[in-house]
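Observations on the model geometry
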Amino acid sequence: MNAPAWRIWLVVALMCGWGILAIRFATKQEWPMALLCVVLLVSNGVTLYRLTRNGK
C-alpha cells in the first residue's frame, strides 16, 4: 500500500497516545482501561505494519 505520509504520522501519534494512557491507567491500577488501551495500541501497530510493509 502506498499510504499518504499524514496517515502514517496519525497512526504513530495514536500509538503514542494509547501507550501513554495504558501506562497511566496501569499506574493507577485501573486494569480494564489499561487492557483496553493496550489492545488499541496493538491494533494501531498492526495497522501501521500494514501501511508500511511494502515501502515506497
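Anyway, here's the lowdown on the structure attached to this text. Here the structure is a predicted model, which is why all the values come from computation and not from measurement.

Moving on, we come to the overall build of the protein. Scanning the protein from N- to C-terminus turns up two helices and zero strands. Overall, the C-alpha framework of the protein stretches about 40 × 15 × 10 Å when taken along its three principal axes. The burial tally for the protein puts 20% of its 56 residues in the buried class. Across the protein, every contact between residues at least 6 apart in sequence was considered, and the portion connecting residues at least 24 apart equals 65%. Counting only carbon and sulfur atoms, one obtains 70% of the accessible surface of the protein, whose full area is about 4,300 Å².

In this structure, Q29 is a non-glycine residue whose phi angle is positive, near 60 degrees. Note on placement: Q29 falls in the loop between α1 (5-27) and α2 (31-52).

With 22 residues, α2 ought to run about 32 Å at 1.5 Å a step, and its terminal C-alpha atoms sit 31 Å apart, in line with that. All buried positions along α2 are accounted for by A34, C37, N44, L48 and L51. When α2 is viewed along its axis, its buried side chains cluster within an angular range of 100 degrees and face the same direction. Relative to its buried face, α2 has exposed residues pointing more than 90 degrees away, namely W31, P32, L35, V39, V42 and Y49. In this structure, the buried residues of α2 make contact with α1.

In this section: the nonpolar core. In this structure, A3, I8, V11, L48 and L51 together form the largest nonpolar core, which totals five residues. Of all the secondary structure elements, the ones that give two or more residues to this core are α1 and α2. If near-sequence neighbours (up to four positions away) are discounted, L48 is found in contact with I8, V11, V12 and M15.

Rules and cut-offs
Residues numbered from 1 in each chain as written. Predicted model: local features only at pLDDT ≥ 70, side-chain atom pairs only at ≥ 80, totals over all residues. Heavy atoms only, no water. Helix = DSSP H or I, 4+ residues; strand = E, 2+ residues; numbered from the N terminus. Buried < 20%, exposed > 50% of the residue type's maximum accessible area, 1.4 Å probe, protein only. Contact = heavy atoms within 4.5 Å. Areas by Shrake-Rupley, 256 points an atom, 1.4 Å probe, with all protein chains shown as cover. Expected span 1.5 Å × (residues − 1). Arc of directions from axis to C-beta. Core = buried A, V, L, I, M, F, W, Y, C linked by side-chain atoms within 4.5 Å.

Keep in mind these values describe shape, not function.
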